Amino acid sequence: MFANRLLADRTIFLTGGGTGLGRSMALHFAELGARIFLFARREPPLRETAEEIRRRGGQAAYATGDVRHPEVVEAAVEAAWNAFGRVDTLVNNAAGNFLARTETLSANAFAAVVGIVLHGSFHCTQALGRRWIAAGTPGVVLNILTSYVETGSAYVVPSACAKAGVLAMTRSLAIEWAPYRIRFHAIAPGPFPTEGAWSRLMPTREFEERARNFHPLKRFGRHEELTHLAVYLLSPMAEYLNGECIILDGGLWLRGAGQFNALTELPAAVWQQLEAARKK
Ligand code: HXC
């Protein structure tokens, strides 16, 4: 679907790219010619992803650090600039999340998730945005949200609050920084199996099975289904998109929204009875 070197003129600063969807995006972007700078806390997964990109003929570098600290983010952005001469794209992908009853959360637990997701995305966006504005060069920011960003969700309150904040930032800066030719996109993924999210958010095998059965398409997302959308959004094909959040969940959130959606469980025989009764 995509031309071979579609992202060849892109240098992408991607947070949290050592594992999960971040890793999948990094590999796909690099395959299409982008230079990738990864930034996350743990070194081994970053090294592994960077080595994999290089092994496949791409260019990658990384820095370790915590997105919660603005001075650490600033140093990583500086390192990316030194590595590649410039950065023109930011992917705010790093996240933290866990299932918990809200009344049991410590203040620090709330702050940890909001710090990573909301403050971290802000620090990265501001650090790169300032440079783009000063240099007069365009930029693209892609924020990875979650399908409950608009509705909220029980048992993940810190994440729901933080992601909603990042959506507000996406829409606010889409206007504020449009004069600088800095555009914003967001993807709100539903369930995509990754070790990080699954180990924290799928408490049991049975719950996973139930989640799959509840899904309108009876399956979870495939990583390439997300990375393809991300590639499109970062490509020149999407230059008229700005400030939009695309929910990529196979229709799962709509299933929860419609008052009669649970009737998909109704056997055909019951529908036939209902229809027969109506015709009388
Ligand atoms: C309650 C918890 C907790 C849990 C940690 N805490 N885990 N509270 N339930 N399961 C509390 C700790 O007790 C501590 O509070 C505070 O949170 C900080 O924890 P630390 O481990 O010291 O902090 P830190 O190393 O910064 O860890 C941050 C983290 C952790 C978010 C808590 O889980 C993490 O590093 N996650 C990164 C990876 C990740 O979460 N990936 C999945 C993202 S999936 P006290 O008071 O004791 O000091 C995702 C997608 C969502 O976001 C959409 C899915 C459909």
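Conventions used here
- Residues numbered from 1 in each chain as written.
- Predicted model: local features only at pLDDT ≥ 70, side-chain atom pairs only at ≥ 80, totals over all residues.
- Heavy atoms only, no water.
- Near = heavy atom within 4 Å.
- Polar contact = N/O pair within 3.5 Å; in protein donor to acceptor, adjacent residues only side chain to side chain.
- Areas by Shrake-Rupley, 256 points an atom, 1.4 Å probe, with all protein chains shown as cover.
- Helix = DSSP H or I, 4+ residues; strand = E, 2+ residues; numbered from the N terminus.
- Nonpolar A, V, L, I, M, F, W, Y, C, P; charged D, E, K, R; others polar.
- Axes fitted to C-alpha atoms, helices over the stretch in contact; angles between N-to-C directions.
- Parallel < 35°, antiparallel > 145°, perpendicular 65-115°, else oblique.
- Left-handed = near helix turned anticlockwise from the far one by under 90°.
- Contact = heavy atoms within 4.5 Å.

Here's the deal with the site of the ligand
Part 1 of the reasoning: In the vicinity of the ligand, 19 residues are found, and the nearest of them are Arg41, Arg68, Asn97, Ser106 and Asn108.
Part 2 of the reasoning: Note that an oxygen atom of the ligand is positioned 2.5 Å from one of the side-chain N or O atoms of Arg41.
Part 3 of the reasoning: Take Asn97: an N or O atom from its main chain is 3.0 Å from an oxygen atom of the ligand.
Part 4 of the reasoning: Burial of the ligand by the surrounding chains reaches 59%, relative to a free accessible area of 1100 Å².
Part 5 of the reasoning: Breaking the shell around the ligand down by element, the ones donating at least two residues are helix H4 (107–135) and helix H6 (195–201).
Part 6 of the reasoning: Considered class by class, the residues forming the shell around the ligand number ten nonpolar, six polar and three charged.

Section: the packing of H4 against helix H5 (residues 157–176)
Helix packing for two helices is described by the angle between their axes and how far apart those axes are.
Part 1 of the reasoning: Where H4 contacts H5, the axes come no closer than 8 Å and their chain directions differ by 15 degrees. Classed by the angle they form, the pair H4 and H5 counts as roughly parallel. Classified by chirality, the crossing of H5 by H4 is right-handed. Residues Phe110, Val113, Val114, Val117, Leu118, Ser121, Phe122 and Thr125 of H4 lie in contact with H5, whose contacting residues are Pro158, Ser159, Cys161, Ala162, Lys163, Gly165, Val166, Met169 and Leu173.
Part 2 of the reasoning: Tallied by class, residues from the contact of H4 with H5 come to twelve nonpolar, four polar and one charged.

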